[in-house]
Number of protein chains: 2
Amino acid sequence: MSTPTPDRIRTTVTEYLRRIEASSAAGIADLYTDTATVEDPVGSDVRKGREEILPLYAALESSRNKTELLTLKIAGNEAAFHFRVTSEVAGTEYVFEPIDVMTFDDDGRITSMRAFWSAPDASDS
Amino acid sequence: MSTPTPDRIRTTVTEYLRRIEASSAAGIADLYTDTATVEDPVGSDVRKGREEILPLYAALESSRNKTELLTLKIAGNEAAFHFRVTSEVAGTEYVFEPIDVMTFDDDGRITSMRAFWSAPDASDS
């Protein structure tokens, strides 16, 4: 199996954050392969495929979102990254700072995502 | 299967960093279960069991090490954390800032560790 280049992985991660800012659930879902899995948060049921993944991002469409990539580590065909999403909903700002772990196919599409966060983390800084 | 409490996981992660500072390879290996696996960095061969894991930490014994926990996210029986190790070897300081992903048994012992870093990351700040 070949491996996506670090640049390709970096591009997908950057695009993932950009599409969160664009509040585009469909655009985010497009970054995943058809059989991709998502475990968000880690320990919860695993979602598989576009129909199960898309609803996870639907809430973004009713908020204004800013993102910031805090740390990105790429190794093999995987990445772990810490990022901040600041969402404004009805005048209130929420800050969310998970660490996501993703695997990628050769084209840099996401084959799996696992999100590390817990309820208290959702508002830490 | 029950799940270790977040406090128990946090204690193990804190102890992991403390034992890196103490330059104690054996002490670190004690935090792992007998059948634990380590993939460091992600994408490399997986080490299994104390005999294979211990050598990974042997280099710490010839350096002076400081650690800092930058971010810790706990979810289910797993943790992802970003930390800094500053090592002094023969008067030169090296900074290493991986993101580690660990799984834990009910007692908070480490059942697996996967380290996300790449060569350029070893000296980033």
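Note that this is a predicted model, so its numbers are computed, not measured.

Reading the values: the criteria
- Residues numbered from 1 in each chain as written.
- Chains lettered and ligands numbered in written order.
- Predicted model: local features only at pLDDT ≥ 70, side-chain atom pairs only at ≥ 80, totals over all residues.
- Heavy atoms only, no water.
- Least-squares fit on C-alpha atoms with pLDDT ≥ 70 in both.
- Contact = heavy atoms within 4.5 Å.
- Buried area = accessible area lost by both parts, 1.4 Å probe.
- Salt bridge = Lys/Arg side-chain N within 4 Å of Asp/Glu carboxyl O.
- Polar contact = N/O pair within 3.5 Å; in protein donor to acceptor, adjacent residues only side chain to side chain.
- Helix = DSSP H or I, 4+ residues; strand = E, 2+ residues; numbered from the N terminus.
- UniProt positions renumbered as here; feature names shortened; annotations may be inferred.

Bringing the relation of the copies chain A and chain B into the picture now. Rotating chain A by 180° about the axis while translating it 0.0 Å along that axis superimposes it on chain B, leaving an RMSD of 0.0 Å. Between the two chains, the operation in question is that of a two-fold axis. Most of the interface of chain A is mirrored in chain B, where 100% of its interface residues again form contacts.

Facing 22 residues of chain A, the contacting portion of chain B comprises 22 residues. Summed over both sides, the interface between chain A and chain B buries roughly 1600 Å², with carbon and sulfur atoms accounting for 60% of that surface. Sorting the residues of chain A by area buried against chain B places Lys-73, Ile-99 and Phe-116 of chain A first, and these three jointly supply 38% of that buried surface. Our count for the contact surface shared by chain A and chain B stands at two salt bridges. Here Arg-114 of chain B ties to Glu-78 of chain A by a salt bridge, and the two come within 2.7 Å at their closest N and O atoms. Along the contact surface separating chain A from chain B lie six residue pairs in polar contact (both at pLDDT 80 or more).

Our next topic: unusual backbone geometry. For residues that are not glycine, phi is negative in most cases, and the peptide bond is trans in most cases. Residues and elements named next belong to chain A. The omega torsion across Asp-40 and Pro-41 is 0°, close enough to zero to call that bond cis. Tracing the sequence through the fold places Pro-41 in the loop between strand S1 (32-39) and strand S2 (47-48). The phi angle at Ser-23 is positive, at roughly 55°, despite the residue not being glycine. Take Ser-23: it is sitting in the loop between helix H1 (6-21) and helix H2 (25-29).

Per the UniProt record, "domain: SnoaL-like" (unreviewed entry) is found at residues 13-112 of chain A. Annotated as residues 13-112 of chain A, this span is 23% helix and 48% strand, and its ends, taken at the C-alpha atoms, are 13 Å apart.

Before going further, it helps to examine the side chain of Thr-12 of chain A. Residues and elements named next belong to chain A. Looking at the element boundaries, Thr-12 is found in helix H1. Within the structure, Thr-12 has its side chain in polar contact with the backbone oxygen of Gly-108 (distance 2.6 Å). Setting aside anything within four residues of it in sequence, one finds Thr-12 in contact with Leu-31, Phe-104, Gly-108 and Ile-110.

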